[in-house]
Amino acid sequence: QKEVEQDPGPLSVPEGAIVSLNCTYSNSAFQYFMWYRQYSRKGPELLMYTYSSGNKEDGRFTAQVDKSSKYISLFIRDSQPSDSATYLCANSQGSNYKLTFGKGTLLTVNP
Amino acid sequence: GAGVSQSPSNKVTEKGKDVELRCDPISGHTALYWYRQSLGQGLEFLIYFQGNSAPDKSGLPSDRFSAERTGGSVSTLTIQRTQQEDSAVYLCASSLGLQTYEQYFGPGTRLTVT
């Protein structure tokens, strides 16, 4: 079993939809939870990170962590065509630890 | 300011040849990472440099792979006797010291082994 599992999609939604992206993980030692966005032929960029259970909101994006079920989610409200990208979840055991990435979910938002 | 840069952006090489990939991290970032991204495989960790500490080489897939970081800045990833399965995008990232969760990635080097 991989440490971080992520549905690769692809996921296609109409503009304005609410998008839900999810990952599960198996390592109880994970403390930090990140979401990266990767546009085609570009390097990933950090969207959000959190180190606790609960929700963290940043504009149209909400990251949710449930440590009891080892489940993390990213919600995108009012999705835009510019949100079309691959979204990668990543976990680490703490600051100064290497990241473990999911395989990524390809999202397309159709105008 | 300048981000992470990588060169070359594309590299085509013949099976059995050696290749060197270069990474220039963001100035002042003490941590540097190499990843490999293959189609449908996500980001695979290769190696991690943190300041003057011994690098974490636990992700290197074979002894054909090596990396060095000179002067705490520029890094070179070397693949010897390349194989077709080495074809992938090689990504470099850097971060401010202990903030490994906030990594800044370069655009990658697309390696094709024919």
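Details of the structure are given in the entry above.
This text gives an overview of the structure that appears in the document. (Residues numbered from 1 in each chain as written. Chains lettered and ligands numbered in written order. Predicted model: local features only at pLDDT ≥ 70, side-chain atom pairs only at ≥ 80, totals over all residues. Heavy atoms only, no water.)

1. Observations concerning the side chain of D86 of chain B
Residue and element names in this part refer to chain B. To be explicit about the condition: Helix and strand definitions follow DSSP, with helices as H or I runs of at least four residues and strands as E runs of at least two, each counted in order from the N terminus. Exposed residues in this analysis have more than 50% of their type's maximum accessible area, buried residues have under 20%, and partly exposed residues fall in between, with area computed by a 1.4 Å probe over protein chains only. Throughout, a residue-residue contact means that at least one pair of heavy atoms, one from each residue, lies within 4.5 Å.
Take D86: it is sitting in the loop between strand 7 (75–79) and strand 8 (88–95). The class for D86 is buried, based on a relative accessible area of 1%. If sequence neighbours within four positions are ignored, D86 has contacts with R36, R64, F65, I79, L111 and V113.

2. Regarding unusual backbone geometry
Cis geometry is found at the peptide bond from G9 of chain A to P10 of chain A, where omega equals 10 degrees. Secondary-structure assignment places P10 of chain A in the loop between strand 1 (4–6) and strand 2 (11–14). A cis amide bond, omega -10 degrees, links S7 of chain B with the succeeding residue P8 of chain B. At D78 of chain A, a position not held by glycine, the phi torsion is positive, near 45 degrees. When you line up the elements, D78 of chain A lands in the loop between strand 8 (71–76) and strand 9 (85–92).

3. As for the pattern of salt bridges
Stated formally: Salt bridges are defined as contacts in which a side-chain nitrogen from Lys or Arg sits within 4 Å of a carboxyl oxygen from Asp or Glu.
Going through the model one piece at a time under the given rule, you end up with eight salt bridges over all chains. Across the pair R60 of chain A and D83 of chain A runs a salt bridge whose closest N-O atoms are separated by 2.8 Å. On the criterion of sequence distance, the pair formed by R60 of chain A in the loop between strand 6 (54–58) and strand 7 (61–66) and D83 of chain A in the loop between strand 8 and strand 9 is long-range, its members being 23 residues apart. A residue is classified by how much of its surface remains accessible, and R60 of chain A, at 26% relative accessible area, is partly exposed. Among the residues examined, D83 of chain A registers a relative accessible area of 2% and is labelled buried. Across the pair K17 of chain B and E14 of chain B runs a salt bridge whose closest N-O atoms are separated by 3.7 Å.

4. Focus: the layout of surface pockets
Threshold: A cavity, in this analysis, means grid points on a 1 Å lattice covering only the protein atoms where a 1.4 Å probe fits yet has no way out; a pocket is instead an open set bounded by protein on both sides within 12 Å along at least five of seven lines, and a residue lines either one if it has an atom within 4 Å of a point. Grid points are joined across faces, edges and corners, and a volume is the space filled by probe spheres set on the points. Polarity classes work like this: nonpolar for Ala, Val, Leu, Ile, Met, Phe, Trp, Tyr, Cys and Pro, charged for Asp, Glu, Lys and Arg, and polar for all others, with Gly in that last group.
In this model, the largest pocket occupies a volume close to 730 Å³. Contributing to the lining of the largest pocket are 28 residues, with Q38 and R41 of chain A together with Q37, L39 and R110 of chain B lying nearest its centre. Secondary structure elements with two or more residues in the lining of the largest pocket: strand 9 and strand 11 (105–110) of chain A together with strand 4 (31–38), strand 8 and strand 10 (109–113) of chain B. Considered class by class, the residues forming the lining of the largest pocket number ten nonpolar, 14 polar and four charged. Taken as a whole, the second largest pocket encloses approximately 540 Å³ of empty space. Lining the second largest pocket are 26 residues, with L99, T100 and F101 of chain A together with L43 and F45 of chain B positioned closest to its centre. Breaking the lining of the second largest pocket down by element, the ones donating at least two residues are strand 10 (100–101) of chain A together with strand 4 and strand 5 (42–50) of chain B. Here the lining of the second largest pocket takes five residues from strand 5 of chain B, the largest share from any one element.

5. Observations regarding the environment of F49 of chain B
Residues and elements named next belong to chain B. Mapping F49 onto the fold places it in strand 5. The exposure class assigned to F49 is buried, which follows from its relative accessible area of 7%. Spatially, the C-alpha atoms of F49 and H29 are 11 Å apart, while their sequence positions differ by 20 residues. Once residues lying within four places of it in the same chain are set aside, the contact partners of F49 are T30, A31, L32, W34, P55, A67, E68, R69 and S75.

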